Amino acid sequence: MNYETKILLDELVWGESPRWHERKLWFSDIFGKKVMNVDINGKAEIVVDVPTLPSGLGWLPDGRLLIVSGDGRILRQDPSGPSAVADLSKLAVGINDMVVDHKGRAYVGSYGYDVRSYKPGQEVEAWITLVTPEGDVRVVADEMICPNGMVITSDGNVLIAADTFAKQLVAFNIEEDGSLTGRRVWAYMEAGPDGICLDAEGAIWAATPNRGEVIRLREGGEVTHRIKVSTTPLACMLGGPERRTLFIVTVDAHNDLDVDTLSNPEAAQIKRGSRIEIVDVEIPGAGLP
């Protein structure tokens, strides 16, 4: 089947971390310094301004929004405005994506180096950090290169993380206390995965920026679908009324995530080349986020 995307929303600065929540797609515009949402008809609104560069998103059981902040903090959107739940800045050089489970525990991709200067084969120390609703912080998985997008299965028992520069998806069992055990490679990939989402058959859709496509693959690595986009896909999310709409966040960058733009966000603000593209697929979304 030939999949052709349509543009739902454009002229964003640098979109990331799409989430389907309360009948809308929520996402961060990182260099636009805001969290936004958009409905299936393309009507968008600003949820909150985040001058410290927002990224991963999730929700506590009481409905309050959690936001990964570029200054190393996890923010909570309270009625009075954003407040800090935890500060990870002394633990990691940078934090990026996040998935929040049904108990409000946030699993945060943390890395101990500057991704803009990473070179293949470079020795790094990167990890996944668990942040409880009370703000307690502990490392639950280490010996990774760049933990990025993450999903949790519908039964809440398994977390799967995209280790971007390792070019693989890694699975863990989630223990009662939130610890991650039983680490194994869920799939090796041809290119590094960024944002990912899960469908009802247990397959994963993964954005592969360096290939300019979003792929669907089963555990073990069999690729069942490929969707090309005209620019660079960073993340994807299944949503819509039946969760059969695949939302793809893209940026106009062709140079390995456009390092110049990453180091010069002012250029991205001028370019405004990020957008959200959509395409309908057969298998609905499942799990978290």
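Now for a look at the structure at hand.

Here is what the cut-offs are and how they apply
- Residues numbered from 1 in each chain as written.
- Predicted model: local features only at pLDDT ≥ 70, side-chain atom pairs only at ≥ 80, totals over all residues.
- Heavy atoms only, no water.
- Buried < 20%, exposed > 50% of the residue type's maximum accessible area, 1.4 Å probe, protein only.
- Helix = DSSP H or I, 4+ residues; strand = E, 2+ residues; numbered from the N terminus.
- Pairing = 2+ DSSP bridges.

### Observations concerning the pairing of strand β15 (residues 158-163)
Step number 1: With 6 of 6 residues buried, β15 lies mostly within the body of the structure.
Step number 2: On β15, burial covers both faces: Val158, Ile160 and Ala162 on one face and Leu159, Ala161 and Asp163 on the other are all buried.
Step number 3: Here strand β14 (residues 147-152) pairs with β15 via 4 bridges, running antiparallel. Each bridged residue has a counterpart across the sheet, and for isoleucine 152 the counterpart in β15 is leucine 159.
Step number 4: As consecutive antiparallel partners, β14 and β15 are separated by 5 residues, and within that stretch glycine 156 has a phi angle of approximately 75°, a positive value.
Step number 5: For β15 and strand β16 (residues 168-174), the ladder comprises 6 bridges, and the chain directions are antiparallel. Within β16, the residue paired with valine 158 across the bridge is asparagine 173.
Step number 6: Between β15 and β16, which pair antiparallel one after the other, the connecting turn spans 4 residues, and lysine 167 there sits at a positive phi close to 55°.

### Considerations on the pairing of strand β5 (residues 44-49)
Step number 1: Examined bridge by bridge, strand β4 (residues 34-38) and β5 share 5 bridges and lie antiparallel to one another. Counted as the bridge partner of valine 38 is alanine 44 from β5.
Step number 2: Hairpin connection between β4 and β5: a loop of 5 residues separates the two successive antiparallel strands, and glycine 42 in this loop has a positive phi of roughly 95°.

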